[in-house]
Each structure stands twice: as structure tokens, then as C-alpha cells.
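Geometric and topological summary
Take a look at the letters that make up each chain.
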Amino acid sequence: MNAVYGTTFTAKFPIFSGTRFSAKFLKDVTITARITKDCVYDCNNKHWVYFEVVASDDAEHFKVGKQYKKQGKNFYPGVSSYEYPANYDEIAAAKTEFKMVNGIQRLQHAF
């Protein structure tokens, strides 16, 4: 999957309670959403995906109409299906050009 603006997807994301040091798994929430921003990288080269929820099976944790963000490493594994927008080729080319101009590359893993 190439997360680009306008892509609609269905995903199952885990919900936890507590802090990051004492997190307890509560449940999985299934959502349908549309990507509102792509190619968002922070100073540590972390990839963030912004999306707006269209449908949710738990309105308490993912409210319909609200925008959320997830780091790429947490976003991609949860996506079960997706549909690219009609102008996907144009958007994907712009994203690739942005990455080339800004020197953003895939991390090379040692394994």
C-alpha cells in the first residue's frame, strides 16, 4: 500500500489503557477512513499518516468526522483493505518527487 491523499481504507487498530509504560490491551476497533495528508515526515524521518474517520465500530475511541494521525509503523499493519483515488498516478508521482527532492529514503535494515 502506498498511503496517498484520498485513499479510503478499512483498518483494525488496537486500543490500550494506561500509560506507555503500563499499557493494557482493551480491544480492537475497526474503522473506515480517508487519508487527508500523506508524506508527513518529522525531523527524525518518521512517517506520519493523517486520516479522517468515515465509519467506526466504537465512537468513543474513533469519532466519525474527526481527524487522527498514526505513525507509519503502526498504521500499515492494521490496514486490511484500501481503495486508491481516481487520480492515484498523479498523486503518487508527486509524492515520489517530494521524497526525491527532500532526500527521503527507505531505511535499510540489517536483517
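The notes below deal with the structure included here. (Residues numbered from 1 in each chain as written. Predicted model: local features only at pLDDT ≥ 70, side-chain atom pairs only at ≥ 80, totals over all residues. Heavy atoms only, no water.)

1. A look at the packing of aromatic side chains
Here the structure, examined in full by the defined rule, presents twelve aromatic pairs. Aromatic ring contacts, followed pair by pair, group Phe9, Phe13, Phe51, Phe62, Tyr68, Phe75 and Tyr76 into a single cluster. A cation sits over an aromatic face here: lysine 37 above tyrosine 50, 4.7 Å from the ring centre. In this arrangement the basic side chain of lysine 70 is found over the ring face of phenylalanine 13, its NZ or CZ atom lying 4.8 Å from the centre. (Phe/Tyr/Trp six-rings, centres within 6.5 Å; stacked < 30°, edge-to-face > 60°. Lys NZ or Arg CZ within 6 Å of the ring centre and 35° of its normal.)

2. Let's talk about the side chain of aspartate 58
Relative to the elements of secondary structure, aspartate 58 occurs in the loop between strand E3 (47–56) and strand E4 (67–71). For aspartate 58, a relative accessible area of 9% gives the class buried. Within the structure, aspartate 58 has its side chain in polar contact with the side chain of lysine 27 (distance 2.5 Å). Discounting chain neighbours no more than four positions away, the residues touching aspartate 58 are Lys27 and Val29. (Helix = DSSP H or I, 4+ residues; strand = E, 2+ residues; numbered from the N terminus. Buried < 20%, exposed > 50% of the residue type's maximum accessible area, 1.4 Å probe, protein only. Polar contact = N/O pair within 3.5 Å; in protein donor to acceptor, adjacent residues only side chain to side chain. Contact = heavy atoms within 4.5 Å.)

3. As for the nonpolar core
Judged by nonpolar contacts, the single largest core of 16 residues is most densely connected at Phe9, Phe13, Ile31, Phe51, Phe62 and Phe75. For this core, the elements supplying multiple residues, two or more each, are strand E1 (8–17), strand E2 (24–41) and E3. (Core = buried A, V, L, I, M, F, W, Y, C linked by side-chain atoms within 4.5 Å.)

4. Structural notes on the environment of phenylalanine 75
Within the secondary structure layout, phenylalanine 75 lies in helix H1 (residues 72–75). Here phenylalanine 75 falls in the buried class, since its relative accessible area comes to 0%. In this structure, the C-alpha to C-alpha distance between phenylalanine 75 and histidine 47, residues 28 residues apart in sequence, is 9.8 Å.

5. Describing the pattern of salt bridges
Scanning all chains against the criterion turns up two salt bridges. In this structure, lysine 27 and aspartate 58 form a salt bridge, with 2.5 Å as the shortest nitrogen-oxygen distance. Taken as a pair, lysine 27 in strand E2 and aspartate 58 in the loop between E3 and E4 lie far apart in primary sequence, 31 residues in all. Classification of lysine 27 by relative accessible area gives partly exposed; the value is 34%. Across the salt bridge formed by arginine 34 and glutamate 52, the nearest N and O atoms sit 3.7 Å from each other. In this pair, arginine 34 sits in strand E2 while glutamate 52 sits in strand E3, placing the two residues 18 residues apart along the sequence. (Salt bridge = Lys/Arg side-chain N within 4 Å of Asp/Glu carboxyl O.)

6. Quick look at the side chain of lysine 70
Along the chain, lysine 70 falls in strand E4. With near-sequence residues (within four places) excluded, lysine 70 lies in contact with Phe13, His47, Trp48, Val49, Phe51, Phe62 and Phe75.

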